[in-house]
Amino acid sequence: MSSLNHCIKFELDIKDENIVFKDYFYKSIKLQKHKIYEAELIQPACPFCGSLALLHNGHLIANIRYPTANASLPVIIRLAKQRVKCRDCDHWSMAQSELVNKYCSISNASKLKVLSALTEDRSMTSIARENNVSINTVQRVLGNCSHRFIDSYEYLPAHLAFDEFKGVDRQLHFICLDGDNHQVVQILRTRYKKTLLKYFGRFSPQARANVKTVTMDLNFYYQNIVRACFPNAQIVIDRFHMIQMLTRSFNSLRVQVMKTFDKRSRQYQLFKSPWKLYLKKFDELEKAHPRYNWHYKDCLTQAQVVMEGINTSTTLENSYNLMQSFIQAVETGNTHELKSLINCQDQIGTLMHKTLLTFKHNLTAVLNGAALPYSNGCLEGFNRKIKQIERTAFGYSNFINLLTRIRLEENQYKEKEPNSLLMTA
């Protein structure tokens, strides 16, 4: 075999012994320079009976797109596939290779490179341009990945996290993560109670009994689903959502008190411009170095601004002290202090009172959120990643494509089972 054949095979990383390269040249196709390799694909034996007595009957010429490091110079392998007839069994056949699938003109190496690019945060247009293929080819590679994500209904992690995110047509989709390794358990098209009960009902009783905790926000029917599907699971309310509800109710009270003063008054300006200071932890406020602020025409520290503001209203002061104590109790995991704060009888704002009533109705789950180390922080971060995927693609109109792209960008699916994928692409 010629040295040219060996050199081209080494350059293109092709190991098929039945492919013999004969020549190469450059050619302009559609005003773009291409590098063309001429090769022949030999049929060594009959694929039906294994006989070597073959009658050759010409070739089928196929132009195979092959990946290249230089996207400005596409590579095409002009492959001549032998057509043969077996003298023993009279079957007709055509030479086939792992280089490319039957009836396909895109090499498996190109598809694998496209698949690798799909695991990154990139648009399909840029992937197609880099690999000298059409966007439809990238779409087909993505579509052929969906069969890899088949669920097993025999196992569930011990710690789950529930949430939802906006996806196709701005609908809310349900997402469930493993609370320990932060891997996706499932993403469902809808978050309806009927859908979730049907999905988790498919798992075996042993798998559902293995679940110990389920972390969630204060969605009212998630708790009913947990009680119905997971007999041994504790409900854990996410700490972030608890503090968020409390700070929002306090902020609403701050705005309500601020509007009782004249817009040109000092009290109004103390509430208006430095509003973020009221939502910070008091320990993080600056207490030593006062700074001049032209809104209220005075030189005060951050702590002095907050204290002067809350002293204008007893209700606001009580609400602020309650919020600060609640945040500290959640951070330290002090469930006794948390329980006494929820049952507080001080004069506080109406919205904050409703928030405490909500905590009181879900007291066990709220206390679990402070006592146990599990939270929905992993889910919030993963939802941020999903938003970036949607933003890069300018939105998705197909839920299966969105789900497949999300799964591909998980590290555990990168370069996994490429052969089974390419055989179906």
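In this report, the structure presented in the accompanying data block is examined. (Residues numbered from 1 in each chain as written. Predicted model: local features only at pLDDT ≥ 70, side-chain atom pairs only at ≥ 80, totals over all residues. Heavy atoms only, no water.)

So, the pattern of salt bridges
Summed over the entire model, instances satisfying the criterion amount to 13 salt bridges. Linking Lys 15 and Asp 13 is a salt bridge whose minimum nitrogen-to-oxygen distance equals 2.8 Å. Each of the two residues, Lys 15 as well as Asp 13, counts as exposed. Linking Arg 264 and Asp 262 is a salt bridge whose minimum nitrogen-to-oxygen distance equals 3.5 Å. Exposure remark for Arg 264: the relative accessible area of 77% places this residue in the exposed category. (Salt bridge = Lys/Arg side-chain N within 4 Å of Asp/Glu carboxyl O. Buried < 20%, exposed > 50% of the residue type's maximum accessible area, 1.4 Å probe, protein only.)

Here's the deal with the environment of Gly 309
Considering the arrangement of structural elements, one finds Gly 309 in helix 10 (residues 302–310). For Gly 309 and Ile 77, which are 232 residues apart along the polypeptide, the C-alpha to C-alpha distance reads 76 Å. (Helix = DSSP H or I, 4+ residues; strand = E, 2+ residues; numbered from the N terminus.)

Quick notes on the side chain of Asp 238
Inspection of the secondary structure assignment puts Asp 238 in the loop between strand 10 (234–237) and helix 8 (239–258). Polar side-chain contacts of Asp 238 include one of 2.8 Å to the side chain of His 241. The residues contacting Asp 238, other than those within four sequence positions of it, are Thr 215, Met 216, Ser 375, Asn 376 and Gly 377. (Polar contact = N/O pair within 3.5 Å; in protein donor to acceptor, adjacent residues only side chain to side chain. Contact = heavy atoms within 4.5 Å.)

A look at helix 14 (residues 363–371)
Regarding helix 14, the residues found buried are Ala 365, Val 366, Leu 367, Asn 368, Gly 369 and Ala 370. Structurally, helix 14 contributes buried residues whose contacts are with strand 10, helix 8, helix 11 (314–332), helix 12 (335–342) and helix 13 (350–361).

Considering unusual backbone geometry
Backbone geometry at Asp 90 places phi at a positive 60°, although glycine is not the residue there. Within the secondary structure, Asp 90 sits in the loop between strand 4 (75–86) and strand 5 (92–94). Positive phi outside glycine occurs at Asn 132, with the angle close to 55°. As for its position among the elements, Asn 132 is in the loop between helix 3 (124–131) and helix 4 (135–143).

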